Protein chains: 4
Amino acid sequence: MKRRKSAPGPRRGKTSGKKALWGAGFASGPGEALARLSISHPWDRRLAEVDLRGSLAHARGLQRSGLLTRAALARIESALRRIAGEIERGSFRFEDADEDIHLNVERRLIELAGDAGRRIHAGRSRNDQVALDLRLWTIAAIDRASEAARVLGTALLDRADEFLEANVVVAARTHLRGAQPVLLAHVFHAWVEMLLRDRGRLADARRRAAVSPLGSGACAGSTLPLDRKGVARELGLPSLSANSLDAVSDRDFAAEFESAAALAMAHLSRIAEDLILWTGEEYRLFLLSDATSTGSSMMPQKKNPDSLELTRGKAGRVFGNLMATLTVIKGLPLSYDRDLQETQQPLFETADALELSLAAVTEVVAGLRLRPENERAPIEPTTLATDVAEELVARGVPFRTAHETGYPPAEPETAMAGAPRHVM
Amino acid sequence: MKRRKSAPGPRRGKTSGKKALWGAGFASGPGEALARLSISHPWDRRLAEVDLRGSLAHARGLQRSGLLTRAALARIESALRRIAGEIERGSFRFEDADEDIHLNVERRLIELAGDAGRRIHAGRSRNDQVALDLRLWTIAAIDRASEAARVLGTALLDRADEFLEANVVVAARTHLRGAQPVLLAHVFHAWVEMLLRDRGRLADARRRAAVSPLGSGACAGSTLPLDRKGVARELGLPSLSANSLDAVSDRDFAAEFESAAALAMAHLSRIAEDLILWTGEEYRLFLLSDATSTGSSMMPQKKNPDSLELTRGKAGRVFGNLMATLTVIKGLPLSYDRDLQETQQPLFETADALELSLAAVTEVVAGLRLRPENERAPIEPTTLATDVAEELVARGVPFRTAHETGYPPAEPETAMAGAPRHVM
Amino acid sequence: MKRRKSAPGPRRGKTSGKKALWGAGFASGPGEALARLSISHPWDRRLAEVDLRGSLAHARGLQRSGLLTRAALARIESALRRIAGEIERGSFRFEDADEDIHLNVERRLIELAGDAGRRIHAGRSRNDQVALDLRLWTIAAIDRASEAARVLGTALLDRADEFLEANVVVAARTHLRGAQPVLLAHVFHAWVEMLLRDRGRLADARRRAAVSPLGSGACAGSTLPLDRKGVARELGLPSLSANSLDAVSDRDFAAEFESAAALAMAHLSRIAEDLILWTGEEYRLFLLSDATSTGSSMMPQKKNPDSLELTRGKAGRVFGNLMATLTVIKGLPLSYDRDLQETQQPLFETADALELSLAAVTEVVAGLRLRPENERAPIEPTTLATDVAEELVARGVPFRTAHETGYPPAEPETAMAGAPRHVM
Amino acid sequence: MKRRKSAPGPRRGKTSGKKALWGAGFASGPGEALARLSISHPWDRRLAEVDLRGSLAHARGLQRSGLLTRAALARIESALRRIAGEIERGSFRFEDADEDIHLNVERRLIELAGDAGRRIHAGRSRNDQVALDLRLWTIAAIDRASEAARVLGTALLDRADEFLEANVVVAARTHLRGAQPVLLAHVFHAWVEMLLRDRGRLADARRRAAVSPLGSGACAGSTLPLDRKGVARELGLPSLSANSLDAVSDRDFAAEFESAAALAMAHLSRIAEDLILWTGEEYRLFLLSDATSTGSSMMPQKKNPDSLELTRGKAGRVFGNLMATLTVIKGLPLSYDRDLQETQQPLFETADALELSLAAVTEVVAGLRLRPENERAPIEPTTLATDVAEELVARGVPFRTAHETGYPPAEPETAMAGAPRHVM
């Protein structure tokens, strides 16, 4: 390695002139790279709403415990409401020196509520505070995703009903080859099954996320008489964390949500893949609505299934986010370590990707039109071989023998003569 | 690219001379590469026990439905028992031409039970058969892992009790820096919390795995009057799959188990990392037992924490397996696709890694000895700053002010004078 | 799944009123979800500089080929310069209806240059345009990362020189246990080796990225007489893509850069881990500078190694991004598919994480101070066992025998009497 | 957690009765779980060939350095040859107590060569030995993969020549929608481009793998006068590792090979996906040969593209293996840690998957037959819109205007009248 010039020592960045709230006893502010690494408010400001909600509940708890006067609480409540308004309107001033949403809010709280604001951090550390915020945010994200999955499921069921009424039969595929005729509704029901499992996993993840870590302090709890139960109740959290060292470093709830999201995105990607095929010029089953396809800047005839492709692509992102979170968690000695900051963006991105992809597939499903020629799908006679074999079995021929003699099937038309098959 | 010679056409491999059970209508057997790709019995023979159990239940169901005579069932039962014995003794002859455990067993069944053996495939396809086998195997793997986690949890609680009785206090760490004094038992309890969540996830995964897909056929169900409920009941599965297209292609249960395993391995890796540090010459908290450390071929003085390092390494493998399974699932058009074969080894490896790592950490925890000098751990006075600050808060000083004035802490000894802190 | 209400059909979003540049022949704009999925300018505006550079080169090429008059080119050049200024000053107006940086720039170009602006898309599609932009951006990112790695390497070598001069000896570790004494410089040189390999991989990735895809059109090239070589030369790209179908869908360069970045981040994470230990109160080798550590809001005595922890956490993110990119690439039928949009953010995030982490570790390394007591590190006598064993070997005793008799080692001091060992 | 019974202390496993070669100074053998974790010979015996080759070169080096007599070397050479024979014939007795291939070979060497065998470990540790073995194995794996990629490339070029001669034109697709007509050969050439990049990456990975770590000892080199250059030359390795701490813990070569393999598998998965479509009943371009498709046990009419599906599935495995390796590497403090054992199976599996998948796709490509109706593929007139637009541009109409007016295209037949387009 050629040493053209010596590496510089730590430079002071723009934000390093200002000392942080924890800066007592430090000769200087952070170096430039550390300052840049530390600034998370550009994205963790998404936690503002839950941070304010958590602070309000904590402050009320302090008052109930006698650690805050009613007057101080009133000043804090008023200041928090004002901060909420400022953030909503976009007039809140974020300072890089305050790194994250939490310190930015606290600084503003002290500006607005003075001495009362200084008291809100009693019995609370950024470590349990951020753990709480992330849990509240994750719960809300799960609720949005679960509702979006319900809406997609409903759309699938609605369309299935239509196809059932119209008695639309298609070739079910294995190995992407026509296998056996099924009702088109049966396909849509298969997707509903996937979504039902996804919602089950989301519900389980929500249950394990809904735990209040407040009272865990930086890692060793607090000696103050905190009203943990009352605060949790106000926040809608049915249980309390049992161990402070675990509570400040636990991000299982993020990883578990991301795991559930990864499977849900795998399902959406599968649905997207099939719908890309079935709306294509070769499979000719459906037409995409104009609202869910796009054109090309060079090929005016194109109607591209961009929604579905982007959904498929988002699945990759969500897998990557899960890997990121697991890798970060794996590397953590007890208890809180700063690596945990890097679990936030994967969580946010995953929630966004899942919710938006569910909406996108819903939009596509709602807009699908059967191509006219498919109101009766052409079933290849050969796909009925199994039915013929099973009929032979019912007459007492061993299955393997029936299989070997059953090709080509005799009289497939007969097997189709009855009602459309929707076996299960 | 230099074309030294033309690429060869498909060559026939050793196994291609023999036609497979599905080989009716094929001019030739598989090419060499396909034959090699297709052979899975070297590892899927681990499914033998569940495959036989599933076949037995299916055969009994066929008899109850009148599709098999009592005599034929008796011949099948006898043959399956004999096959089980052969596999257990290692005398079962696996044929590459039969690819997997399922076809190998079926061929042997036909050899032993003749015509009766040919009838067992009625109402069943390899697709729902393998889905069933993997579910039964996963359930058993979950049960083993959950029990191993319980045993580790118990070991941790036992040791915590010892340390509690001995009143051992250590410095809790954040950012791997001494933060606040805690009871050593509190650390062990933190790990127990992680395991409790892991067991919760395993239990949820088990619930969603315990579904019988039998009756789904290749993808479109069966027209035969199968006793699905009775078969599921015999297999200990409380529910039935609701959609055949979904049931034959669903491997969520594998991915979900692997997700739960990934988090559990992340926890074990964290425990391992901390124990590697704490048994080291610098942290000097514990000594590893001889039975859980190894020596070096070049450095006779070494006592290496190999169990813990291997556990940490296994975590990486389990993450990779989850990634593999998700990627495979993502790429599947409805319904069954052969890609699914590649979800089996990640599942097996993950179950092995998790069970063995849990046992290894249990072994280490059970064998740990406190270094004599740590029966009273040296607590750095500075780690008590928070306690001092909180005492000031209790006296009415705002927290931020207390924080700023609280360094260095006055009289840390006093703060330690009381009972050891085990706050939560 | 409870169907509380039917799922809505596709709603028109805010941006759907405006038709896109490709909107000819579409009855309506995109639905709400598709519109939201499609908008990428909030992050792909980072491509602005390379997009303008690429457009300029393409326009000059068109002029050389006679497809654009000198006057039209002049108008385009002037407009592109003006757009560059607007973007730099932040006054450029991004429209959601124009989705991405490319269409936003093109619309503005037409506003500013009129008919001339409409001509720039001749012989170019968004597909080859975005492929070019991403390649140019990746090359620049590689150059920044490589330079940052060189700076870190220089810092490590500088510090190694210091420690060499001071003759500082430390215990090299295997299994995190003291193994053999080595010069501290030897440790720093180990890290330099890792960085040298990283730079090698980055250089190889750069070489494969530096290929011009222009002329590939949407996927099938162009019938226009384009000056591909001249355009590539102007852009500093030494070679041309050879196949248009491949060129528009190839993102290997992103994945390869991300692979190199993943290994580099693994190395930085390893360095970070070791430095977190060695600056800790137990290992007591180094002190972190104030500029590269942070305090705690609850524990005033703490000096936390946040830079190093965040670097360790970033490694997880970069791994996840690689997995995301690979997963997206895997799922692509020939040729261009919209999934590719989802490869951009992983690329950007990875480049940022790598460059910033390299700077952060450089800052830490430059600011490290040896603790005074380590100007002569305490070497445990037992770590010298290998040396003794090797001395016996040199005298003719078989190694295994020497190993077995060599514990505890006799006269370790003697073995250290000579010059400090820096064997390789 | 219910404590039904206390966790057991470490139990002695079957292999623990026997002490390992490093067992001097240990009161007992390893516990059961550690013993099971430690045993790697069932899979690392794949290193036997390179291990013996490395030992032979090392022994010859020792002799040249005067650390081994000619007679001792002769005994070692003879013993190594005999061991090679025993392993090849399957008569070599592997002992669990000796854990891995290296110790098993060494024990046998001592049995066969006595005192001479004990001398081979002079100047070598298992740490540099295993690093060497893995490098030699990786180099050979790269060579096999690179050759297999060349063979596939040749097959693709051969088929492209055929299609070129037959002038076969197909619709190139973007977004899986017909875009523009291209020669079928152009598609096959796109795949060749991917393989060329893969081979480039493999070659670069090979270069960085071909480094001899021998002489690094356990981590701190050796004081013996080793002939490092001569040994490396004999092994075909052009360079020497420069730093012993790095050399024993470096597995970049595995990760880099796995990265190259991951991209190659992504390419094979893309090819597989397209061929699955194009051999299907809807796309109707090709027929799969019988030798590269399989049937169904329930549906006799099926010809399934199993080779291609399994290739697609293997891609997921290879991604997972890369993730595993990166995760393991990330977690390693300097220098050698036992976690590294867990990098071996991902390496082996990846090499197998890549080589076999390349062969499988080659087999498929060589066996493809054009469906008779595709000797002239039906090109949809609308796919020619771009060509029309470009013709208007050539006549001086601005592109965007041409695009807007160009739909539907006038006289597409004219545009096709000339020679088939194969633009680039």
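All of these numbers come straight from a predicted model, not from anything done at the bench. (Residues numbered from 1 in each chain as written. Chains lettered and ligands numbered in written order. Predicted model: local features only at pLDDT ≥ 70, side-chain atom pairs only at ≥ 80, totals over all residues. Heavy atoms only, no water.)

Attention now goes to the overall build of chain A. If you tally the helices and strands in chain A, you get 16 helices and six strands. Buried residues in chain A amount to 71% of all 424 residues. Only carbon and sulfur atoms are counted for the fraction: they give 51% of the accessible area of chain A, which is about 13000 Å². (Helix = DSSP H or I, 4+ residues; strand = E, 2+ residues; numbered from the N terminus. Buried < 20%, exposed > 50% of the residue type's maximum accessible area, 1.4 Å probe, protein only. Areas by Shrake-Rupley, 256 points an atom, 1.4 Å probe, with all protein chains shown as cover.)

Turning to the interface of chain A and chain B, a few remarks are in order. With 94 residues of chain A at the interface, the matching set in chain B holds 94 residues. Buried area between chain A and chain B, summed over both chains or domains, comes out near 8100 Å², and the portion from carbon and sulfur atoms is 58%. At the junction of chain A with chain B, the criterion picks out 14 salt bridges. The closest approach of N and O atoms between Arg197 of chain A and Asp246 of chain B, which form a salt bridge, is 2.8 Å. Our count for the contact surface shared by chain A and chain B stands at 34 residue pairs in polar contact (both at pLDDT 80 or more). Sort the elements by how many residues they give to the side of chain A that touches chain B and helix 8 (residues 184-209) of chain A lands first, with 13 residues. When its residues are assigned to classes, the side of chain A that touches chain B shows 40 nonpolar, 27 polar and 27 charged. (Contact = heavy atoms within 4.5 Å. Buried area = accessible area lost by both parts, 1.4 Å probe. Salt bridge = Lys/Arg side-chain N within 4 Å of Asp/Glu carboxyl O. Polar contact = N/O pair within 3.5 Å; in protein donor to acceptor, adjacent residues only side chain to side chain. Nonpolar A, V, L, I, M, F, W, Y, C, P; charged D, E, K, R; others polar.)

Before going further, it helps to spend a moment on the confidence of the model for chain A. Residue and element names in this part refer to chain A. Taken over all residues, the pLDDT of chain A has a mean of 87, while the share at 70 or more is 80%. Here residues 9-17 is a poorly scored stretch, pLDDT under 50, and it has 24 contacts once near neighbours within four places are set aside; other chains count. Contacts of residues 405-424 to residues separated by more than four positions or lying in other chains number 37 contacts, the stretch itself having pLDDT below 50. Both scores are given for the predicted complex: the pTM is 0.91, the ipTM 0.88. (pLDDT = per-residue confidence, 0-100.)

To continue, consider the nonpolar core. In this structure, Phe188 of chain A, Phe188 of chain B, Phe188 of chain C together with Phe188 of chain D are the most contacted members of the largest nonpolar core, which totals 464 residues. Those residues within four positions of Phe188 of chain A in sequence are excluded, and the remaining contacts are Leu156, Arg159, Ala160, Phe163, Phe286, Val365 and Leu368 of chain A. (Core = buried A, V, L, I, M, F, W, Y, C linked by side-chain atoms within 4.5 Å.)

Moving on to the relation of the copies chain A and chain B. Rotating chain A by 180° about the axis while translating it 0.0 Å along that axis superimposes it on chain B, leaving an RMSD of 0.0 Å. Those values place the two copies in the arrangement expected of a two-fold rotation axis. No C-alpha of chain A approaches the rotation axis more nearly than that of Ser259 of chain A, which lies at 3.2 Å. Counting the interface residues of chain A, we find that 100% of their copies in chain B are interface residues as well, pointing to one common contact surface. (Least-squares fit on C-alpha atoms with pLDDT ≥ 70 in both.)

Residues and elements named next belong to chain B. Mapping Arg124 onto the fold places it in the loop between helix 6 (115-118) and helix 7 (126-165). Despite its burial, Arg124 remains without a salt bridge, the nearest opposite charge being carried by Asp51 at 5.6 Å. A polar side-chain atom of Arg124 sits 3.0 Å from a polar atom in the side chain of Ser55. (Lys, Arg positive; Asp, Glu negative; His and termini not counted.)

Bringing the pattern of salt bridges into the picture now. All names here are of chain D. Taken as a whole and judged by the stated rule, the model has 152 salt bridges over all chains. Residue Arg206 is joined to Asp143 by a salt bridge in which the shortest nitrogen-to-oxygen separation is 2.7 Å. With Arg206 in helix 8 (residues 184-209) and Asp143 in helix 7 (residues 126-165), the pair connects residues that are 63 residues apart, well separated along the chain. Here Arg206 falls in the partly exposed class, since its relative accessible area comes to 30%. Note on Asp143: relative accessible area 35%, which makes it partly exposed.

Let us now look at the pairing of strand 1 (residues 169-174) of chain C. Residues in a regular strand project their side chains so that they alternate between the two faces of the sheet. All names here are of chain C. Most of strand 1 is tucked away: six of the six residues are buried. Bridge analysis of strand 1 against strand 2 (residues 177-183) gives six bridges, and the strand direction is antiparallel. Bridging from a neighbouring strand, Val170 pairs with Val182 of strand 2. Where strand 1 folds back onto strand 2 in an antiparallel hairpin, the turn is made up of two residues, including His175, whose phi is positive at roughly 55°. (Pairing = 2+ DSSP bridges.)

Our focus in this paragraph is the packing of aromatic side chains. By the definition in use, this model includes 30 aromatic pairs over all chains. On the numbers, 5.9 Å between centres and 45° between planes, the contact of Phe163 of chain A with Phe286 of chain A is tilted. Residue Phe163 of chain A is located in helix 7 (residues 126-165), and its partner Phe286 of chain A is located in strand 5 (residues 286-287); the two are separated by 123 residues in the primary sequence. Accessibility classification places Phe163 of chain A together with Phe286 of chain A in one group, the buried group. For the pair Phe163 of chain C and Phe188 of chain C, a centre-to-centre distance of 5.1 Å together with 70° between the ring planes defines the contact as edge-to-face. Here the residue Phe163 of chain C occupies a position in helix 7 (residues 126-165), and Phe188 of chain C occupies one in helix 8 (residues 184-209), the gap between them amounting to 25 residues. Through a chain of ring-to-ring contacts, three or more aromatic side chains come together here, namely Phe163, Phe188, Trp191, Trp278 and Phe286 of chain A. Just above the ring of Trp137 of chain A sits the side chain of Arg144 of chain A; from NZ or CZ to the centre is 5.6 Å. (Phe/Tyr/Trp six-rings, centres within 6.5 Å; stacked < 30°, edge-to-face > 60°. Lys NZ or Arg CZ within 6 Å of the ring centre and 35° of its normal.)

Attention shifts here to the packing of helix 12 (residues 306-330) of chain D against helix 13 (residues 344-367) of chain D. All names here are of chain D. Across the interface, helix 12 lies against helix 13 with an axial gap of 9 Å and an inter-helix angle of 155°. Relative to helix 13, the element helix 12 lies roughly antiparallel. In the crossing of helix 12 with helix 13, the sense of the turn from one axis to the other is left-handed. In contact with Ser307, Leu308, Thr311, Lys314, Arg317, Val318, Asn321, Ala324 and Thr325 of helix 12, helix 13 contributes Pro346, Glu349, Thr350, Ala353, Ser357, Ala360, Val361 and Val364. Here the contact of helix 12 with helix 13 is composed, by residue class, of eight nonpolar, six polar and three charged. (Axes fitted to C-alpha atoms, helices over the stretch in contact; angles between N-to-C directions. Parallel < 35°, antiparallel > 145°, perpendicular 65-115°, else oblique. Left-handed = near helix turned anticlockwise from the far one by under 90°.)

The next subject is helix 5 (residues 101-113) of chain B. Residues and elements named next belong to chain B. Its 13 residues place the ends of helix 5 18 Å apart at the C-alpha level, agreeing with the 18 Å of an ideal helix rising 1.5 Å per residue. Of all the positions in helix 5, only Ile101, His102, Leu103, Asn104, Val105, Glu106, Arg108, Leu109, Ile110 and Ala113 are classed as buried. If you check the start of helix 5, you find a side-chain oxygen 3.1 Å away from the backbone N of His102, and it comes from Asp100. Count one or two residues on from helix 5 and you reach Gly114, which has phi positive near 60°. (Expected span 1.5 Å × (residues − 1).)

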